[in-house]
Amino acid sequence: MKQDGIAGARQPAVGALAAVPGSVGRGAGEGAAAPGASGPAAPAPAPSAHGDGEFHHHHTHAADTRHPGRHHLLTVQNLTVAFDMYDADAPFFRALRRRQEVVRDLTVSVHTGEILAVVGASGAGKTVLADCIMGRFASNEEVSGEIWFDGELMDASGLERLRGRGISLVPQSVTHLDPLMRVGAQVRGAARGETRSARAADARRRAERQRALFADYGLAPEVADLYPHQLSGGMARRILLMCALMDEPRLLLADEPTPGLDLDLAVRALGDLRRFADTGGGVLLITHDIELALRVADRVAIVRAGTVVEETARESFEDPSLLRDPYTRALWHAMPKHGFQVGAPTGDGDRPACGPQGAGEDAAGANR
């Protein structure tokens, strides 16, 4: 993976990282060492400390937003992601390689104790964002920007170490469950440890944690002996959540956690995420269903064409005049409870055009 001058605090020279797939850090010209530098890269300055009510990092706050340590739990800053790929429209044996940018200068933050809903139409770049936060990079991927977790600048190896521990993913589909393994064993996962006694102790801890999670989320102990096909849709969703919670992460990435569920089950699934946030965790909820997201989220980030056009408190959606971006206001008007006015005036004297470059069609897609 190509790097654009990516470096950070306590990182080796950028030239040494250029051949390492999946590194994340500062872009060239932003205080990082130039490509090919032989000395250590200059440390990247931490984001400036800030109070609870301030506008910063391109976003406003919910009423209960807090900044323990005067920083965010997660900050993604100026993230750009592109893929080196062959031209799909060219003849097979004459296709040339081209650079396809899918995320562009994206900045988003998650605070302790909150749910941030990242809302956008299909193809807006939401899942690519989640992959970057999880430290999952493709060999043909080019990444620049910064990812900070709990005040510390991360590189690819740091994000990989956090995966499943500090940061966990709640995947989109229940097909992520192994159909041939009992669900209790899937929640417990593999015991870790360098010695046999350490692994045995970890296995006991995991068994106790699994029983506690089942009790907390309303599943009877005997459910642990069932296979995924024997579960209802809501139960399977809870098993996915408990798999993510096993190692007590501080941040959950929930990638479209409610497809295929009726409204009652979807609300219950999001209620489980709300419960995690209320106990001090953070949740980044990826969804295209803004109406459902507004039921549970503290703040909402609207993604369009690979970047965040607005990140604001849920309360801003009570009145379109509180929304800063014309596309977000068009999305508000396109919501069913507001008459599904695709292409409605935004308040700036403009009427967004429908189509790939306008807000109307995208706004409708974000409500499907």
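Residues numbered from 1 in each chain as written. Predicted model: local features only at pLDDT ≥ 70, side-chain atom pairs only at ≥ 80, totals over all residues. Heavy atoms only, no water.

Engineer: Please clarify how the packing of helix H5 (residues 196-216) against helix H6 (residues 233-245) should be interpreted in this entry.
Structural biologist: Describing two packed helices takes the angle between their axes plus the distance from one axis to the other. Look at H5 against H6: their axes get within 11 Å of each other, and the N-to-C directions meet at 140°. In terms of axis orientation, H5 runs oblique to H6. For the pair H5 and H6, the sense of crossing is right-handed. Residues Arg209, Leu213 and Phe214 of H5 form the contact with H6, whose own contacting residues are Ile239, Met242 and Leu245. Residues of the contact of H5 with H6, tallied by class, amount to 5 nonpolar, no polar and 1 charged. (Axes fitted to C-alpha atoms, helices over the stretch in contact; angles between N-to-C directions. Helix = DSSP H or I, 4+ residues; strand = E, 2+ residues; numbered from the N terminus. Parallel < 35°, antiparallel > 145°, perpendicular 65-115°, else oblique. Left-handed = near helix turned anticlockwise from the far one by under 90°. Contact = heavy atoms within 4.5 Å. Nonpolar A, V, L, I, M, F, W, Y, C, P; charged D, E, K, R; others polar.)

Engineer: Explanation requested: the packing of aromatic side chains in the structure shown.
Structural biologist: To describe a pair of aromatic rings, one takes the distance between the centres and the angle between the planes. In this structure the tally under the stated criterion is 1 aromatic pair. Relative to Phe93, the ring of Phe92 lies with its centre 5.0 Å away and its plane at 90°, an arrangement referred to as edge-to-face. Taken as a pair, Phe92 and Phe93 share a single burial class, namely exposed. Positioned above the aromatic ring of Tyr86 is the side chain of Arg97, whose terminal nitrogen or guanidinium carbon lies 5.0 Å from the ring centre. The positively charged end of Arg275 is found above the aromatic ring belonging to Tyr217, 4.9 Å away from the centroid. (Phe/Tyr/Trp six-rings, centres within 6.5 Å; stacked < 30°, edge-to-face > 60°. Buried < 20%, exposed > 50% of the residue type's maximum accessible area, 1.4 Å probe, protein only. Lys NZ or Arg CZ within 6 Å of the ring centre and 35° of its normal.)

Engineer: Honestly, unusual backbone geometry in this entry has me stumped. Any pointers?
Structural biologist: Working note: non-glycine residues mostly have negative phi, and peptide bonds are mostly trans. Look at Asp105: it is not a glycine, yet its phi comes out positive at around 50°. Along the polypeptide, Asp105 turns up in strand E2 (residues 97-110). On the basis of relative accessibility, which here comes to 44%, the residue Asp105 falls in the partly exposed class. The backbone phi angle of Asp150 is positive, close to 50°, even though this residue is not glycine. Mapped onto the fold, Asp150 is located in the loop between strand E4 (141-149) and strand E5 (152-153).

Engineer: Please clarify how the pairing of strand E9 (residues 299-304) should be interpreted in this entry.
Structural biologist: It is a general feature of regular strands that their side chains alternate between the two faces of the sheet. Of all 6 residues that make up E9, 6 are buried, and the element is covered over most of its length. Side-chain alternation along E9 places Arg299, Ala301 and Val303 on one buried face and Val300, Ile302 and Arg304 on a second face that is also buried. Examined bridge by bridge, strand E3 (residues 115-119) and E9 share 4 bridges and lie parallel to one another. Directly across from Ala117, in E9, lies its bridge partner Val300. Judged from the 6 bridges that link them, E9 and strand E10 (residues 307-313) form a sheet pairing that is antiparallel. Residue Val300 lies in a different strand from E10, and its bridge partner there is Thr312. Where E9 folds back onto E10 in an antiparallel hairpin, the turn is made up of 2 residues, including Ala305, whose phi is positive at roughly 55°. (Pairing = 2+ DSSP bridges.)

Engineer: How should the sheet that holds E5 be read in this particular structure?
Structural biologist: For sheets, the rule is that strands pair by backbone hydrogen bonds, running either parallel or antiparallel. The sheet built from 4 strands is open, its strands ordered E2-E1-E4-E5 with antiparallel pairing. Each having just a single partner strand, E2 and E5 make up the two edges of the open sheet. Sheet topology places E4 next to E5; 2 bridges connect them, and they run antiparallel. Residue Phe149 lies in a different strand from E5, and its bridge partner there is Glu152.

Engineer: I keep staring at empty space enclosed by the protein and nothing clicks. Help me out?
Structural biologist: Rolled over the atoms, a probe as big as a water molecule pinpoints where empty space is left. Taken as a whole and judged by the stated rule, the model has 2 cavities of 30 Å³ or more. Volume-wise, the largest cavity comes out at about 100 Å³. Considering the residues around the largest cavity, the lining is formed by Val170, Gly234, Arg237, Arg238, Leu241, Pro257, Ala269, Leu270, Asp272 and Leu273. Mapped by element, the contributors of at least two residues to the lining of the largest cavity are H6 and helix H7 (263-278). Partitioning the lining of the largest cavity into residue classes produces 6 nonpolar, 1 polar and 3 charged. The space that makes up the second largest cavity amounts to roughly 30 Å³. What lines the second largest cavity is Pro257, Thr258, Leu270, Leu285, Thr287, Asp289, Leu292 and Ala293. For the lining of the second largest cavity, the secondary-structure elements that each account for two or more residues are strand E8 (282-287) and helix H8 (290-296). (1 Å grid on protein atoms, 1.4 Å probe; cavity = no way out; pocket = protein on both sides within 12 Å on 5 of 7 lines; lining within 4 Å. Points joined across faces, edges and corners; volume = space filled by probe spheres on them.)

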